[in-house]
Amino acid sequence: MTVIGNILWFLFGGLIGGLAWVLAGCLWCVTIIGIPVGLQCFKFASLAFFPFGKEVIYGGGGFSFLVNLIWIVFFGLEMAIGYVILGCLWCITLLGIPIGKQCFKMAKLSLMPFGASVI
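Per-chain numbering applies: the sequence of each chain, read as written, is numbered from 1 onward. Reporting in this predicted model follows two pLDDT cut-offs: at least 70 for local features of residues, and 80 or more for side-chain atom pairs to be given and counted; totals over whole chains, interfaces and linings ignore these cut-offs and use all residues. Excluded from the side-chain calculation are hydrogens and water; included are all heavy atoms of the structure.

Undergrad: Sorry, what's going on with the overall build of the protein chain here?
TA: Numbering of helices and strands starts at the N terminus; helices are DSSP runs of H or I of at least 4 residues and strands are runs of E of at least 2. Of regular secondary structure, the protein chain possesses 4 helices and 2 strands. Secondary structure elements of the protein chain, listed N to C terminal, follow the sequence α-α-β-α-α-β. With C-alpha atoms as the basis for the radius of gyration, the globule rule is written as 2.2 Å multiplied by the number of residues raised to the power 0.38. Over its C-alpha atoms the protein chain spans a radius of gyration of 14 Å, differing by no more than 12% from the 14 Å that the globule rule assigns to 119 residues. Dimensions of the protein chain along its principal axes, counting C-alpha atoms only, are 45 × 25 × 20 Å. When the 119 residues of the protein chain are sorted by exposure, 39% land in the buried category. A total of about 6700 Å² of accessible surface is found on the protein chain, and carbon and sulfur atoms cover 81% of it. To sort residues, take the accessible area from a 1.4 Å probe on protein chains only and compare it with the maximum for the residue type: under 20% means buried, over 50% means exposed, and anything in between is partly exposed. A 1.4 Å probe and the Shrake-Rupley method give the accessible areas. Residues count as covered only by the protein chains that appear here.

So, in structure tokens, the structure goes:
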């Protein structure tokens, strides 16, 4: 399911989601202060392109919490809402449920990406 799921994910939403993460990373990298945030966005862009077979572990500290708050205000809420809508649409059919689950995983990651690790 991993290979087929990744191919279907990429064709039906992963490309758009990954490009959104790349766009967010480019915007953050415009300033020197935002470069660490931009690099994190690029790391999660690869997950957004092919999420099947990968897990996200959440952790963090004070800095991650502050950056996540800034992230939610500027990018995170919009991206999370988009992933939730896509996830609900995919879960309408039985065959779309695995892809819908990945959408919900990406929605959670879109809200709080900093302090999270991809395994």
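There's more to say after this.
Undergrad: Quick question: what am I supposed to make of the packing of helix α3 (residues 62-90) against helix α4 (residues 97-111) here?
TA: Two quantities define a packed helix pair, namely the angle between the axes and the distance from one axis to the other. Angles run from 0 to 180 degrees between N-to-C directions of axes, and those axes are lines fitted to C-alpha atoms, restricted for helices to the stretch in contact. The interhelical angle for the contact between α3 and α4, taken along N-to-C directions, is 170°, at an axis separation of 7 Å. As judged from the angle between their axes, α3 and α4 are roughly antiparallel. Each angle gets one of four labels, with under 35 degrees taken as roughly parallel, over 145 as roughly antiparallel, 65 to 115 as roughly perpendicular, and the rest as oblique.

Undergrad: Hey, could you run me through the nonpolar core in this one?
TA: Across soluble globular proteins, you tend to see nonpolar side chains buried next to one another. Put simply, a nonpolar core is a bunch of buried Ala, Val, Leu, Ile, Met, Phe, Trp, Tyr and Cys residues held in one set by side-chain atoms that sit within 4.5 Å of each other. Counting residues in hydrophobic clusters, the biggest one holds 25 residues, and the most contacted among them are Trp-9, Trp-21, Trp-71, Tyr-83, Met-106 and Leu-109. Of all the elements in the fold, those that place two or more residues in this core are α1 (2-28), α2 (35-49), α3 and α4. The leading source of residues in this core is α2, at 7 residues.

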